[in-house]
Amino acid sequence: MKYIYSCVFLLLGTTASLGAQSDLPFRANLEESCTIEIRSDGVLVRDGLDVLDSEAAGGNSGAATVYTTGAGFQASLKAPEAFSRAPNGTGAVTFMTTYSSTGATSTAKVPGSTITPLGVGASNLSVDLRAVADNAIFQKGAYEAFVTVTCE
Amino acid sequence: MHKRTLAALIAVCAATTPASSQSMSPMRGVVRSFTDSFAVRVQPRNPYKHRIGVTIRAYDADFRPIDASISPADFSLGAGASRSVLVVLSFEGARERRVRICTESAPFPGKGVGMRAQICGKFIAYRL
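The name given to chain B in an unreviewed UniProt entry is Transmembrane protein, with Nitratireductor aquibiodomus RA22 as the source organism.

Chain A is annotated in an unreviewed UniProt entry as Spore coat protein U (SCPU) domain-containing protein of Nitratireductor aquibiodomus.

Written out as structure tokens, the structure reads:
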């Protein structure tokens, strides 16, 4: 008889516990977005007297990661029009950019103006810059130019 | 002029939704306005762990700079921070206008970074 009472109490207790359970929902509604993270700057080195190139020996490509949370975004580069910092007397310079991508977007090296559709996720861009002096040589001193990475 | 701006603001509030934690949002939008001007509100965000300078610019469909009332146009954002920016543009007599609104950011001078990030949202505005 004691065994039966114990079973009844146990069942009642279990039923009471089930009745107290409730789900607590967590919801999110995310918009599509694009985030650019500049991971490292590039390094230009001399490649002859009139050329500075990040792909020459000793140079470094710039690195950027583009994060997209939706489809339909595109990436491209804009080459600088001039050095933002250069020794006095530096004349006209022609800039050329290239980039390649790994990760969510896989692309072999293409000219910077090429518009590349981005995959959803993280796309790792490797960016190179080449500067050619117009009928001149690059003098000693510090040079700095900015490449613009565009996501739209 | 105030009525026009107010109407444009109402139009943008109805057409776009606010968001957070993105470098810029929204990235797409359709705006309808009863006046010769329309407004877009964007929300740039700094994804870095350090303060950056931010500039907001407006371009046409061919990426040519266009006149716009942007407030604020230039500001700085702390790590992970975001803020709302209002961009008011004119239809310039047209019934429809396609524009890009871009968040352009670069670390402060002295960081030695040779790349800038430009994130552009595309918006279509219709004059009703």
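Attention now goes to the overall build of chain B. A count of helices and strands for chain B gives one helix and nine strands. When its helices and strands are written in sequence order, chain B yields α-β-β-β-β-β-β-β-β-β. For chain B, buried positions account for 41% of its 128 residues. In chain B, the share of contacts with a sequence separation of at least 24, taken over all contacts with a separation of at least 6, comes to 64%.

Scanning chain A from N- to C-terminus turns up one helix and ten strands. Each helix and strand of chain A, placed in order from N terminus to C terminus, yields the pattern α-β-β-β-β-β-β-β-β-β-β. Looking at chain A as a whole, 26% of its 152 residues qualify as buried. Nonlocal contacts in chain A, meaning residues at least 24 apart in sequence, comprise 66% of its contacts between residues at least 6 apart.

Right, let's talk about the pairing of strand E7 (residues 107-111) of chain A for a bit. The buried fraction of E7 of chain A amounts to zero of the five residues, a small share that puts the element mostly on the outside. The turn joining strand E6 (residues 93-103) of chain A and E7 of chain A, which pair antiparallel and follow one another in sequence, is formed by three residues.

With 19 residues of chain B at the contact, the number on the chain A side is 22 residues. Looking at the side of chain B that touches chain A, the elements with two or more residues in it are strand E8 (96-107) and strand E9 (115-127) of chain B. Among the elements that make up the side of chain B that touches chain A, the one with the highest residue count is E9 of chain B (seven residues). Its residues placed into classes, the side of chain B that touches chain A shows ten nonpolar, six polar and three charged. Bridge count for strand E10 (residues 147-151) of chain A against E9 of chain B is five bridges, and the pairing is parallel. Bridge pairing links Cys151 of chain A to Ile119 of chain B in E9 of chain B.

Below, the discussion takes up the environment of Tyr126 of chain B. Residues and elements named next belong to chain B. Of note, Tyr126 is situated in strand E9. As a C-alpha pair, Tyr126 and Ala94 span 32 residues in sequence and 8.8 Å in three-dimensional space. The contacts of Tyr126, once residues within four sequence positions are left out, are Arg32, Arg95 and Glu96.

What follows is about the sheet that holds strand E7 (residues 85-90) of chain B. Residue and element names in this part refer to chain B. Spatially, the four strands line up as an open sheet ordered E1-E3-E7-E5, and their pairing is antiparallel. In this open sheet, the two edge strands, each paired with only one partner strand, are strand E1 (24-25) and strand E5 (69-71). In this sheet, E7 lies alongside E5 in antiparallel orientation, the contact comprising three bridges. Each residue of the ladder has a partner; that of Ser69, found in E7, is Val88.

Thresholds, definitions, all that
Residues numbered from 1 in each chain as written. Chains lettered and ligands numbered in written order. Predicted model: local features only at pLDDT ≥ 70, side-chain atom pairs only at ≥ 80, totals over all residues. Helix = DSSP H or I, 4+ residues; strand = E, 2+ residues; numbered from the N terminus. Buried ≥ 20, exposed ≤ 12 C-beta atoms within 10 Å, placed from the backbone. Contact = placed C-beta atoms within 7 Å. Pairing = 2+ DSSP bridges. Nonpolar A, V, L, I, M, F, W, Y, C, P; charged D, E, K, R; others polar.

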